[in-house]
Amino acid sequence: MLNGELHSIHMVNEFPKYARTERKINKIKSELNALTQTRREVHLKVKLGLNVALRVLEVFIFIFLIYKFRHDPVIVFPPDWFFPLGSFLSFPAAVCGAVSTPFWILTCRCAISKFSNMLSSH
């Protein structure tokens, strides 16, 4: 609306009116830019807050799962399959050839992270 009015005013013959209209347009544009910046900041804060909340929830779920199933193996393989690392993989389940819950969660988390990074890079 103001842009149409500005284009209809002859700049040389009606300079004061042209300048006032141009100042109004510039003021409205600066207010719009300030509101846009505020909206972006709020959006960023909400996004960051949700991300942190989900990460905290994820950590609590992992802690609960590890505590609840710390002595139960996820899967048991023949004891000689993971010979040098067998006790490390089964800690704290202490079943020879087993894969413990903490190691299983760590492995799944690393695999999902690598897969998501691979998808996001392409």
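Rules used in this analysis
- Residues numbered from 1 in each chain as written.
- Predicted model: local features only at pLDDT ≥ 70, side-chain atom pairs only at ≥ 80, totals over all residues.
- Heavy atoms only, no water.
- Helix = DSSP H or I, 4+ residues; strand = E, 2+ residues; numbered from the N terminus.
- Rg over C-alpha atoms; globule rule 2.2 N^0.38 Å.
- Contact = heavy atoms within 4.5 Å.
- Areas by Shrake-Rupley, 256 points an atom, 1.4 Å probe, with all protein chains shown as cover.
- Lys, Arg positive; Asp, Glu negative; His and termini not counted.
- Charge placed at Lys NZ, Arg CZ, Asp CG, Glu CD.
- Buried < 20%, exposed > 50% of the residue type's maximum accessible area, 1.4 Å probe, protein only.
- Expected span 1.5 Å × (residues − 1).
- Axes fitted to C-alpha atoms, helices over the stretch in contact; angles between N-to-C directions.
- Left-handed = near helix turned anticlockwise from the far one by under 90°.
- Nonpolar A, V, L, I, M, F, W, Y, C, P; charged D, E, K, R; others polar.

Chemist: What's the story with the overall build of the protein chain in this structure? I'm lost.
Modeler: Counting secondary structure elements, the protein chain contains four helices and two strands. For the protein chain, the C-alpha radius of gyration of 31 Å lies well beyond 14 Å, the compact-globule estimate for 122 residues. Reported as C-alpha extents along the three principal axes, the dimensions of the protein chain are approximately 95 × 30 × 20 Å. Counting contacts in the protein chain only where the partners sit at least 6 residues apart, residues at least 24 apart contribute 29% of the total. If you sum the accessible surface of the protein chain, you get close to 10300 Å²; carbon and sulfur atoms cover 69% of it. Averaged over its 15 positive side-chain charges, the protein chain has a centre that lies 3 Å from the centre of its 8 negative ones.

Chemist: Is there a simple way to explain the environment of T101 in this structure?
Modeler: Along the polypeptide, T101 turns up in helix α4 (residues 101-121). Classification of T101 as buried rests on a relative accessible area of 9%. It is 9.4 Å that separates the C-alpha atoms of T101 and K68, two residues lying 33 residues apart in sequence. Aside from chain neighbours lying at most four places away, what touches T101 is L65, I66, F69, D72 and V74.

Chemist: Where do I start with the environment of M1 in this structure?
Modeler: As for its position among the elements, M1 is in the segment before α1 (2-8). On the basis of relative accessible area, M1 is assigned to the exposed category, the value being 90%. With 89 residues separating them along the chain, M1 and S90 place their C-alpha atoms 73 Å apart.

Chemist: Explain helix α2 (residues 15-68) to me, please; I cannot follow it from the model alone.
Modeler: Since the α-helix turns once every 3.6 residues, residues separated by three or four places project in the same direction. Compared with an ideal rise of 1.5 Å per residue, which puts 54 residues at 80 Å, α2 spans 79 Å between its outermost C-alpha atoms and is within 8% of the ideal. For α2, every residue scored as buried is listed here: Y18, A19, T21 and I25.

Chemist: Mind showing me how you'd approach the packing of α2 against α4 here?
Modeler: Axes are the key here: two packed helices are described by the angle between their axes and the distance separating the axes. For the pair α2 and α4, interaxial distance at closest approach is 9 Å and the crossing angle is 150°. When the axes of α2 and α4 are compared, the crossing they make is right-handed. When α2 is examined against α4, the residues R55, E58, F62, L65 and I66 are found in contact with a partner set consisting of T101, P102, I105 and R109. Taken together, the residues of the contact of α2 with α4 break down into five nonpolar, one polar and three charged.

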